[in-house]
Amino acid sequence: MGAVTGYLKKIIARQVEDHHLVVWFDPDGHYRQVAEALKLPGTKVACYGGSFFALRYEVEPLMNDLDPPSLIIYVPMAEEDTQQALVEFTRAGVVLKPGQQPWQRNTRLSVIARHALRPIIGEEGAAAIEKQVEAGKLSLVELDKIARKGEGLNGRVVYAIFGTADAQEAALAFLSSAQWDQAITEKKAMGEVAAFLESALEVELPAGESPEAWRARLARHILATAFLLELRGEIPAPLVSVRTAKQEIAKQACFWVAKTWRLREDLRASYVKWASRVEQELGLRKISFELEQIVSNDTFLAIETILQEAVERELLAGANPELIAMARQRQSSFWARQVPEVQARWALIAAAGQLLLEADRIANEIKKMPVNVEVVSLAQSYTAGENPWCLLDTFHRHMEQYYQSFDFAPADSFENLEMLVVRARQRYMEAGGRLAECFVKSFSGNKFKIPGFLRQTEIYQALVAPAVKEGKTAYVLVDALRFEMARELAQALAQTFDVLLQPAIAAVPTITEVGMAALMPQGGAEPVLVPAEKGKLGLIIEEKLLKDRPSRLKFLSVKAGVQVCDLWLDDLIPSPRKKAREALAEAQLIVITTREIDDLCEKDNISLARRIMDDVLHQLRRAFRILVEQGIKNIILAADHGYLFGEELTSDMKITPPGGETLDLHRRVWIGRGGFNDPSFIRVTAADFGLGGDLEIAVPVGFGAFKQPGGARAYFHGGLSPQELIIPVARFTPRTPQVISPGTDLTWRLIPGSKKISTRFFSVQIHGEANTLFAVFPPLIRVEIRAKGEVISIPVAASYGFTEATGDVQMRLADDNDRALDPVAVTLLVTGKPAQKTVNVYLLEALTGRELARLENIELAIVI
């Protein structure tokens, strides 16, 4: 391919990159062979072959997606001669043709020739060639021959040094390494190299300077030109006098060099080094930019940071979907893939913005509801449909997950981000508190019944007992699992399980000893709520007091009617030991319980509590896979209660409890006898909730909490908010194993973001290519850092496909190759500090836990 044809392809590629849909009219037929052989990554090229009907039939299916296709339609005739046969395509995209404006879309051969040949044969030579083309004396093939001769005359020495006569490729080689300096000096070729680069890029390389000084000048010139070319609107005053290329062809050449420089893996480190130096020389951090100016600029890390600050300010003024979409998209930007802290910050910005947007939506929907709204309507709004209100809690949990993993030092660099998180938390408390208040009042007005919703005491008879009759069944009882969390888990497992998820109403008070007992088999008589020793409560079911795990499991073993074994969730992960495997093999009903999450959360280690709560979904997914491998036919998942995990209590949120005889007191529930009433809480008898006994129960209205010495500051349960009361119950039935085993037919390549782990964040880029002749199946992956087998990291973000519920990443095919995967950058938070100095990074197939690849002996050089 000659230089003129190559230049033409670059212009077309840029139009496709910017506008996706290009209609290319070529009335003189100069480019027919180019168009028929043209191949651009991820782009369809459709050529007119005599029938517009056939052409439309070929391209119209591509127009049905929401996103515009990358499509070139080539027509070897004038646009006016087509009788508007392609009018909807020309309106949806851009037109290339002779004389088209702006000049980047003008494909007149003489214009293409002048721009392409100027850096090779000079301004005068290019002007002379242009006149010959206009006179019809030269074709595209002849122009490419002229270019090759010109390159031979001016690029012979350059080719001997760099192995290329292409000025842009030579510039890349020179910028990225000093290895050519000796050859330039030995061949006394400083003048030839300078002239060659100056003619193509308009850079000034003064005689007498060293190659290193030239490299600094060239880097500054190329990066400044590329930056200002992509800058939208007016150039800020401090940058007006910066020296850059003036001719459009040189500007485009600089842009191409900059983009290629940062995207090529072998050159990326040098790009980061020079970009850091140039941004300081330009003083970019001291310049004010509008968001619109820099929204698509990838040149400098400083601009990425300025863009983040601008988005944070805009979200503080008001959340909108466009800003959130931008934050999510920027997670795959160059600097987000290169600097894990950048990716983590974008993830936090997007999560906070999504929470603000959701809080606004729910607040508006509640406002529109009638004052006497039925509780069943509120409960359905919270749990059902594509956008249930429980997403408010999901987005809040995601934001807090990102916040707890983010490193805010130095604090003065993140003022807007801190304010954004504070604002999102406030809106969550306002919208969530209003929802809770409406729900509790409506629930009370309906005599604490929600028609059509399963009660917690009915779960065993309705789901577990029938499943046991079908075959081996696991009954998984999770402490403090909200409905919204189970919803995320169900979505994450939808590929491998048939899932039936439904909401149920927890027994009140919504605390562990009551909720877990309510999940046991129930007899004909109603359970009786009674005090147990040590200030605890229990339920009497069929004259048996169920107050703790041993008493509950003993009762279940008697009532189940089949052989029962009980295991902790920890007993299954990472793989069950011999004793556990034997128990699984012998039993018909396997009861799996989690450690007391309440215990941990109520000790106010907020950061650890958040991490454990989020990790439980990943652990459940792993456990479910192991249970299926052990022959389990059905898995029934249920929870004892939900919870609130929000802002720390302020003085106006603290409520004086009723007093009287207090048998048990939590932040969200009082149980006892006697005392006073108050509008800030609802006080009823246990009988109102379908429980026997003479105990009374009081719960706050809204998000308030009772005063309690030493109580938890941010994690609460026991009350009647939908977050606490509406629990999940789900049946997971494994599907027939897929024939395809994702990941095994791929050759994997892991590229660490840095040679050693020197901060709490670490990133790794993952590439996968087929090692067979067949198309690949994109796997669901997980990345872990391990020290002697112990996992010391959690995934916090990825450039695409990240699942907040489990930390897994769903990979996808590359746009232009069904035998390769689109590379993905995954950011990990290092959570532990092992004794040894090196760790390994593992790539796992998430559904099976099978190892796909690893990086060994990565130095760990941080203090945690």
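First, a word on scope: everything that follows refers to the structure included in this document. These figures come from a predicted structure and were not determined experimentally.

1. So, the sheet that holds strand 4 (residues 94-96)
- Read across the open sheet, the four strands follow the order 2-3-1-4; overall the sheet is parallel. In this open sheet, the two strands that pair with only one neighbour each are strand 2 (44-47) and strand 4. For this sheet the average axis-to-axis angle between neighbouring strands, irrespective of direction, equals 20°.
- Of the pairings in the sheet, the one linking strand 1 (residues 21-25) to strand 4 comprises three bridges and is parallel in character. Bridging from a neighbouring strand, V22 pairs with V94 of strand 4.
- Lying over the sheet, helix 1 (residues 3-19) contacts strand 1, strand 3 (71-75) and strand 4, oriented at roughly 140° with respect to strand 1.
- Helix 3 (residues 52-59) rests against strand 2 and strand 3 of the sheet, and its axis sits at about 170° to strand 2.

2. Describing empty space enclosed by the protein
- According to the stated counting rule, one finds three cavities of 30 Å³ or more in the structure shown.
- Size it by volume and the largest cavity reaches roughly 200 Å³.
- Lining the largest cavity are 19 residues, and of these Q401, R611, D614, I794 and P795 sit closest to its centre.
- Those elements that provide at least two residues to the lining of the largest cavity are helix 20 (391-405), helix 28 (606-629) and strand 28 (793-798).
- Top element by residues in the lining of the largest cavity is helix 28. It accounts for six residues.
- Class assignment for the residues of the lining of the largest cavity results in five nonpolar, seven polar and seven charged.

3. So, the environment of I590
- Relative to the helices and strands, I590 is located in strand 12 (residues 589-593).
- Separated by 42 residues in the primary sequence, I590 and I632 place their C-alpha atoms 8.9 Å from one another.
- The contact partners of I590, leaving out residues within four places of it in the chain, are K472, T473, A474, Y475, C565, L567, L584 and I632.

4. Concerning the layout of surface pockets
- As a volume, the second largest pocket reaches approximately 940 Å³.
- In this structure, the second largest pocket is lined by 33 residues; those nearest its centre are I573, D615, H618, Q619 and R622.
- Top contributing element to the lining of the second largest pocket by residue count: helix 28, with 10 residues.
- Among the residues forming the lining of the second largest pocket, the class breakdown is 13 nonpolar, eight polar and 12 charged.

5. Things to note about the pattern of salt bridges
- A full pass over the atoms with the stated rule returns 46 salt bridges.
- For the salt bridge of K259 with E17, the shortest nitrogen-to-oxygen distance reads 2.2 Å. One end of the pair, K259, is in helix 12 (residues 248-263); the other, E17, is in helix 1, with 242 residues separating them in the sequence.
- Residue class for E17 comes out partly exposed when judged on its relative accessible area of 42%.
- With its nearest N and O atoms 3.1 Å apart, the salt bridge here joins D694 to R673.

6. Quick look at the pairing of strand 13 (residues 634-639)
- Most of strand 13 sits out of view: six of its six residues are buried.
- With burial as the criterion, each face of strand 13 is covered, one bearing N634, I636 and A638 and the other bearing I635, L637 and A639.
- Two strands pair when backbone bridges link them, and strand 6 (residues 473-478) and strand 13 are joined in this way by six bridges, in the parallel orientation. For L477, the partnering residue across the bridge sits in strand 13 and is A638.
- Across four bridges, the pairing between strand 13 and strand 22 (residues 726-734) is antiparallel. The residue of strand 22 that forms the bridge with L637 is A730.

7. So, the sheet that holds strand 8 (residues 528-531)
- Pairing is antiparallel in the open sheet, where three strands are placed in the order 8-9-10. At either end of the open sheet lies a strand with only one pairing partner, and these are strand 8 and strand 10 (544-546). With direction set aside, neighbouring strand axes in the sheet form an average angle of 35°.
- Pairing between strand 9 (residues 537-541) and strand 10: three bridges, direction antiparallel. Directly across from L539, in strand 10, lies its bridge partner L546.
- Along the sheet face, helix 25 (residues 549-559) touches strand 9 and strand 10 and points at about 130° away from the line of strand 10.

8. Quick word on helix 20
- With 15 residues, helix 20 extends 21 Å between its outermost C-alpha atoms, agreeing within 8% with the 21 Å of an ideal straight helix rising 1.5 Å per residue.
- The buried count for helix 20 comes to 14 of 15 residues, which makes it a mostly enclosed element.

9. What about helix 10 (residues 211-230)?
- Over its 20 residues, helix 10 runs 28 Å from end to end, which matches the ideal 28 Å to within 8%, given 1.5 Å per residue.
- Counting buried positions over the 20 residues of helix 10 gives 15, a clear majority of the element.

10. Digging into the packing of helix 7 (residues 167-176) against helix 10
- Here helix 7 crosses helix 10 at 120°, and the two axes come no closer than 9 Å. The pairing of helix 7 with helix 10 is recorded here as oblique in orientation. Relative to helix 10, the crossing made by helix 7 is left-handed. Facing helix 7, whose interface residues are A171, F174 and L175, helix 10 presents P211, W214, R215, L218, A219 and I222.
- Grouping the amino acids of the contact of helix 7 with helix 10 by side-chain chemistry returns eight nonpolar, no polar and one charged.

The rules behind each value
Residues numbered from 1 in each chain as written. Predicted model: local features only at pLDDT ≥ 70, side-chain atom pairs only at ≥ 80, totals over all residues. Heavy atoms only, no water. Pairing = 2+ DSSP bridges. Helix = DSSP H or I, 4+ residues; strand = E, 2+ residues; numbered from the N terminus. Axes fitted to C-alpha atoms, helices over the stretch in contact; angles between N-to-C directions. Contact = heavy atoms within 4.5 Å. 1 Å grid on protein atoms, 1.4 Å probe; cavity = no way out; pocket = protein on both sides within 12 Å on 5 of 7 lines; lining within 4 Å. Points joined across faces, edges and corners; volume = space filled by probe spheres on them. Nonpolar A, V, L, I, M, F, W, Y, C, P; charged D, E, K, R; others polar. Salt bridge = Lys/Arg side-chain N within 4 Å of Asp/Glu carboxyl O. Buried < 20%, exposed > 50% of the residue type's maximum accessible area, 1.4 Å probe, protein only. Expected span 1.5 Å × (residues − 1). Parallel < 35°, antiparallel > 145°, perpendicular 65-115°, else oblique. Left-handed = near helix turned anticlockwise from the far one by under 90°.

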